[in-house]
Amino acid sequence: MFKSIVVPVDIADLKLARLAIDSAVKLADTAGATLTLVHVVPIMPLMMLDTVPVSFEGEVAEKAKGSLADLARTVLLPGGQVQSVVRIGGIYHEVLAIAEEQHADLVVVGSHQPSVATYLLGCNASAIVRHSGCSVLVIREEKPHAEETAGEATEEVPPHFSSVDDATRDAWGADKLH
């Protein structure tokens, strides 16, 4: 089945990361696969380089290594089956590079529920799906059930559109993009 599974992890969103990790652990445990947790520190935009110290990305990466190692220790697999990797770079580029280096046969990625913004701008999960050389399992965050949200203030749910053009037209018409 699977011998090597890569799981991209955003340590700033552990709830979503845990969903992907838990799914990957079940698969790895069944197949005896290795599990590689990956966190990518994004490259600092050029316009911000003057405002942060030169060592900023490296410091963030070192802190992320500790956080990811702590998370890896919570994974219920034998120690030799779990490793963690932190890189600095473009998120989906680095995830795909690690998957290739590890000869991964599966990437398990967590993803938020799609919205108009992700249709217009894209997201890392969709880029990983499009460009991966191996299978990709996308784990969606759970939607709250109606009984869980009863009595809570709810936001207006945006309409569903049949195309990006319809969504863009609606946003321009509602003066959301001006």
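See the structure printed just above.
Anyway, here's the lowdown on the structure attached to this text. (Residues numbered from 1 in each chain as written. Predicted model: local features only at pLDDT ≥ 70, side-chain atom pairs only at ≥ 80, totals over all residues. Heavy atoms only, no water.)

Turning to the overall build of the protein chain, a few remarks are in order. Along its length, the protein chain carries seven helices and five strands. Listing the helices and strands of the protein chain from first to last along the sequence gives β-α-β-α-β-α-β-α-α-β-α-α. Buried residues in the protein chain amount to 31% of all 178 residues. Within the protein chain, counting contacts between residues at least 6 apart in sequence, those at least 24 apart form 76% of the total. Looking at the protein chain as shown, the accessible area adds up to about 11,400 Å², and 57% of this sits on carbon and sulfur atoms. (Helix = DSSP H or I, 4+ residues; strand = E, 2+ residues; numbered from the N terminus. Buried < 20%, exposed > 50% of the residue type's maximum accessible area, 1.4 Å probe, protein only. Contact = heavy atoms within 4.5 Å. Areas by Shrake-Rupley, 256 points an atom, 1.4 Å probe, with all protein chains shown as cover.)

Next up on the list: the pattern of salt bridges. Inspection of every chain in the model, using the stated rule, returns five salt bridges. Ionic contacts of the salt-bridge type, sharing partners, join the residues Arg 87, Glu 94 and Glu 101 into one network. (Salt bridge = Lys/Arg side-chain N within 4 Å of Asp/Glu carboxyl O.)

Here we come to the environment of Phe 56. Within the secondary structure layout, Phe 56 lies in helix 2 (residues 56-73). A relative accessible area of 32% means that Phe 56 is categorised as partly exposed. Distance from Phe 56 to Met 44, taken between C-alpha atoms, is 8.8 Å for residues twelve residues apart in sequence.

Turning to the layout of surface pockets, a few remarks are in order. Each pocket or cavity is described by its volume, and for the second largest pocket that value is around 620 Å³. Elements that contribute at least two residues to the lining of the second largest pocket include exactly helix 1 (14-31), strand 2 (34-42), helix 3 (91-101), strand 4 (106-111), helix 4 (116-121), helix 5 (124-131) and strand 5 (135-140). Here the lining of the second largest pocket is built from residues that sort into 20 nonpolar, eight polar and three charged. (1 Å grid on protein atoms, 1.4 Å probe; cavity = no way out; pocket = protein on both sides within 12 Å on 5 of 7 lines; lining within 4 Å. Points joined across faces, edges and corners; volume = space filled by probe spheres on them. Nonpolar A, V, L, I, M, F, W, Y, C, P; charged D, E, K, R; others polar.)

So, on to the sheet that holds strand 1 (residues 4-8). Strand pairing within a sheet occurs via backbone hydrogen bonds; the two strands may be parallel or antiparallel. Strand order in the open sheet formed by five strands is 3-2-1-4-5, and the pairing between neighbours is parallel. For this open sheet the edge positions go to strand 3 (82-89) and strand 5, each flanked by a neighbour on one side alone. Each strand axis lies, on average, 25° off the axis of its neighbour in the sheet, ignoring direction. When strand 4 meets strand 5, the two strands line up parallel, connected through six bridges. Residue pairing for strand 5: Val 109 is matched across the bridge by Val 138. (Pairing = 2+ DSSP bridges. Axes fitted to C-alpha atoms, helices over the stretch in contact; angles between N-to-C directions.)

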